[in-house]
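Working through the structure, step by step
Residue strings, one per chain:
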Number of protein chains: 2
Amino acid sequence: MATERLLAIGGEECRVVVGRRALLRLAPLLREAAGAERWAIIADSRVAALHGEAMLARLREGGLAAALFRFPAGEEHKTRESWARLTDELIAAGIGRDAAVLALGGGVTTDLAGFVAATYLRGVPLALVPTSLLAMIDASVGGKCGVDVPAGKNLVGAFHQPRLVLADPEFLRTLSEADLRDGLAEAVKHAAIADAEHFAWLGTQAPRLLAREPDAIDTLLDHSIAIKAETVLADPHERGQRAILNFGHTIGHALERLSGYAVSHGKAVAIGMSVEAALGAAAGVTDPDAPAAIARLLTGLGLPTRLPPGTDAGALLEAAAGDKKRRNGTLRYALLARIGAAAPSADGAWTHAIPEALARRVLAETTFRASPARP
Amino acid sequence: MATERLLAIGGEECRVVVGRRALLRLAPLLREAAGAERWAIIADSRVAALHGEAMLARLREGGLAAALFRFPAGEEHKTRESWARLTDELIAAGIGRDAAVLALGGGVTTDLAGFVAATYLRGVPLALVPTSLLAMIDASVGGKCGVDVPAGKNLVGAFHQPRLVLADPEFLRTLSEADLRDGLAEAVKHAAIADAEHFAWLGTQAPRLLAREPDAIDTLLDHSIAIKAETVLADPHERGQRAILNFGHTIGHALERLSGYAVSHGKAVAIGMSVEAALGAAAGVTDPDAPAAIARLLTGLGLPTRLPPGTDAGALLEAAAGDKKRRNGTLRYALLARIGAAAPSADGAWTHAIPEALARRVLAETTFRASPARP
């Protein structure tokens, strides 16, 4: 069932193995990916409790030495402090340059453990075994890693390509409904920026996807990871085109931050895509039919499309301006041209400056109201 | 007078400009190196007081926007905490992805500011203007950056190639005598591992070098930087041959740490080279004449060659074992074959395992005693 891709990203080789039963091949794949003597498995407290012992046993049965390192579950722990603590624990455990890091978990874990691997002794090999849909299709390919700081998400980090990404839908059986939907939001993003046909397919598969039907999930994983991989290969260091993966994320990240991370990443991105599709349409960059198509698909997948009632547009834009996507202080957005295609910009940056007045108007229109005039 | 090299290290271009009056060309060189809108100058409190305003003025006169960020001087501030604080200050100042970092200072600053640049928004361009001899010849070329942690030096960091390295001996006029000698220790190391002729030349130039005679300093800078650059180019990610730059550093780092950094890096490396030359000779790896030649040259340059009285060999080896050069828990050293050549190892690692019993014996022999039987 599993499909395999060998990506050469920025001079580094990354093997991506996706699909049912991939997990059975983990130990030999790890051995092939890095000639490491020991594997430091990093997982959050929740995933460690669910899968930690089984993973240790799997590696040891496969003839690999392994130890498990935990950090408290939750985006609020994707911090420099968690990174420093894990680093110190690896040092104390005698993990040397001949070791490698295996990140086991969702996007918080792949980001945090990836940053540990990127900076530990100036970098040790990394393998990712994502356990959430979001991490499988979004966080696992591309080499981005990092942590949040008080001023914003992912403002500190690195590019550190994993040697191996292994995405087995087996892990999705223990995923919460909310986490499944979070992943579906990123799948919608991938389709929206790059594949109109896949976007249409998602629209027909909502009930099967929400029921986690294996065939539907396998198809989704394969398409989404292919889109992510193609985009990353075109621009490994995010100097231009890769910015299109930020569609929905300028507003999305700001909303997450403004809510103190009470709004999940997927929900925030879903709302962010709706808002940014409307922004693009209002600015004449995006096909005027796109916002409704996005909203329909998201609603069908049980995802929100409007900013929470009472959202302060000024505070949201200020939070977005603190984000790293600003250039020269002007707020810029990755926007769609139409469903299935991102909009290039004249300067090659693939982002578009939107005047604040226009943004405020659109934010007001896309905020949920007690008695809304919904489209 | 200035010589220029354009190095392509791991796919990144790094321009290295060395010599008198190079500083006059800084602004145009920075503009060429990175199309940055703003430069964040990072300097320690001491260098900021000496050169900060002049550097700001130089950049602004050259048409570049610049701001100065300070951290407290001293190796004890090359920490994750300083890195986090500087990062937060850059964010608060609105430094975006269109900015770049200029590290102005010694090795502590190039390491720390380099790590800020490597991880800020997942990496922004970096230029280095080293102000100490040690930083000019050692810290500036190669892309290594990082911070110290309680368990040891440089255990956290990254490889982030600078776009520009500009080494102007003008800065050496304000250098302390002790800092000058620290740099000379690394110059001895470069000669010892790669250039017997330069090693002999250093022996004849000690008085002129200690008097900072411009011609002698220029020649030293040019040779040392050439050796460093060649070694780095041969192995940009320190997977093999680059390990020879660690000659003197396994014991050197351990001694620094054991002393609570009371022993300076250069002095520690001078002692480390003497000890590791003796270790290599005792293990049959190093020409038996090398230890005396090393000791003679170091002594002529006013550098120490013996471990401080009362050094606890066990504690020193334990501190060294905490260092990142261990493999499989065995302590390994980069050793000389003879003056002017490092010793390769069968496994391509360019490091050599030395049994602890042998190391203890040599450590005892190279420890300073009240009534020493000096060679």
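Residues numbered from 1 in each chain as written. Chains lettered and ligands numbered in written order. Predicted model: local features only at pLDDT ≥ 70, side-chain atom pairs only at ≥ 80, totals over all residues. Heavy atoms only, no water.

The next point concerns the interface of chain B and chain A. Contact with chain B, which involves 33 residues of that partner, is made by 33 residues of chain A. Between chain B and chain A the total buried area reaches about 3100 Å² when both faces are included, carbon and sulfur atoms providing 51% of it. Counting the contacts that link chain B with chain A gives 2 salt bridges. With a closest N to O distance of 2.9 Å, Asp-88 of chain B and Arg-80 of chain A form a salt bridge. For the pair chain B and chain A, the interface holds 10 residue pairs in polar contact (both at pLDDT 80 or more). In terms of residue class, the side of chain B that touches chain A is made up of 14 nonpolar, 6 polar and 13 charged. (Contact = heavy atoms within 4.5 Å. Buried area = accessible area lost by both parts, 1.4 Å probe. Salt bridge = Lys/Arg side-chain N within 4 Å of Asp/Glu carboxyl O. Polar contact = N/O pair within 3.5 Å; in protein donor to acceptor, adjacent residues only side chain to side chain. Nonpolar A, V, L, I, M, F, W, Y, C, P; charged D, E, K, R; others polar.)

Time to look at the environment of Ala-103 of chain B. Looking at the element boundaries, Ala-103 of chain B is found in strand β5 (residues 99-105). Residues in contact with Ala-103 of chain B, not counting those within four places in the same chain, are Ile-42, Thr-109, Thr-110, Ala-113, Ala-127, Leu-128 and Val-129 of chain B. (Helix = DSSP H or I, 4+ residues; strand = E, 2+ residues; numbered from the N terminus.)

Right, let's talk about the sheet that holds strand β3 (residues 38-44) of chain B for a bit. All names here are of chain B. Pairing is mixed across the open sheet formed by 7 strands, whose spatial order is β1-β2-β9-β6-β5-β3-β4. Looking at strand neighbours, the two that pair on one side only are β1 (3-9) and β4 (65-71), the edges of this open sheet. Here the strands of the sheet are splayed against their neighbours by 20° on average, with no regard to which way each runs. With 4 bridges joining them, strand β2 (residues 12-18) and strand β9 (residues 164-167) adopt parallel strand pairing. In the sheet register, Val-18 faces β9, and the bridge partner there is Ala-167. Contacting β2, β3, β5, β6 (126-130) and β9, helix α1 (residues 26-33) crosses the sheet at an angle of about 165° to β9. Packing of helix α4 (residues 107-119) onto the sheet brings it into contact with β3, β4, β5 and β6, and relative to β5 it is tilted by some 165°. (Pairing = 2+ DSSP bridges. Axes fitted to C-alpha atoms, helices over the stretch in contact; angles between N-to-C directions.)

Before going further, it helps to examine helix α11 (residues 290-300) of chain B. The complete set of buried residues in α11 of chain B reads Ala-290, Pro-291, Ala-293, Ile-294, Ala-295, Leu-297 and Leu-298 of chain B. For α11 of chain B, the elements touching its buried residues are α6 (177-194), α7 (196-210), α10 (265-282) and β11 (336-338) of chain B. (Buried < 20%, exposed > 50% of the residue type's maximum accessible area, 1.4 Å probe, protein only.)

Moving on, we get to the sheet that holds strand β3 (residues 38-44) of chain A. Residue and element names in this part refer to chain A. In space, the 7 strands of this open sheet follow the order β1-β2-β9-β6-β5-β3-β4, with mixed pairing throughout. Each of the sheet's edge strands pairs with one partner strand only, and the pair in question is β1 (3-9) and β4 (65-71). Direction aside, the axes of adjacent strands within the sheet are offset by 20° on average. For β3 and strand β5 (residues 99-105), the ladder comprises 5 bridges, and the chain directions are parallel. By the bridge assignment for β5, Ile-42 is matched with Ala-103. Along the sheet, helix α8 (residues 214-234) contacts β1, β2 (12-18) and β9 (164-167); its crossing angle with β1, the most-contacted strand, is approximately 15°.

In this fold, His-249 of chain A is placed in helix α9 (residues 249-258). In this structure the side chain of His-249 of chain A is engaged in a polar contact, spanning 3.0 Å, whose partner is the side chain of Glu-186 of chain A.

Within this structure, the stated rule accounts for 5 aromatic pairs over all chains. Members of the aromatic cluster, each reached through a chain of ring pairs, are Trp-83 and Phe-115 of chain A together with Trp-83 and Phe-115 of chain B. Over the ring of Trp-83 of chain B we find Arg-80 of chain A; its NZ or CZ atom is 6.0 Å from the centre of that ring. (Phe/Tyr/Trp six-rings, centres within 6.5 Å; stacked < 30°, edge-to-face > 60°. Lys NZ or Arg CZ within 6 Å of the ring centre and 35° of its normal.)

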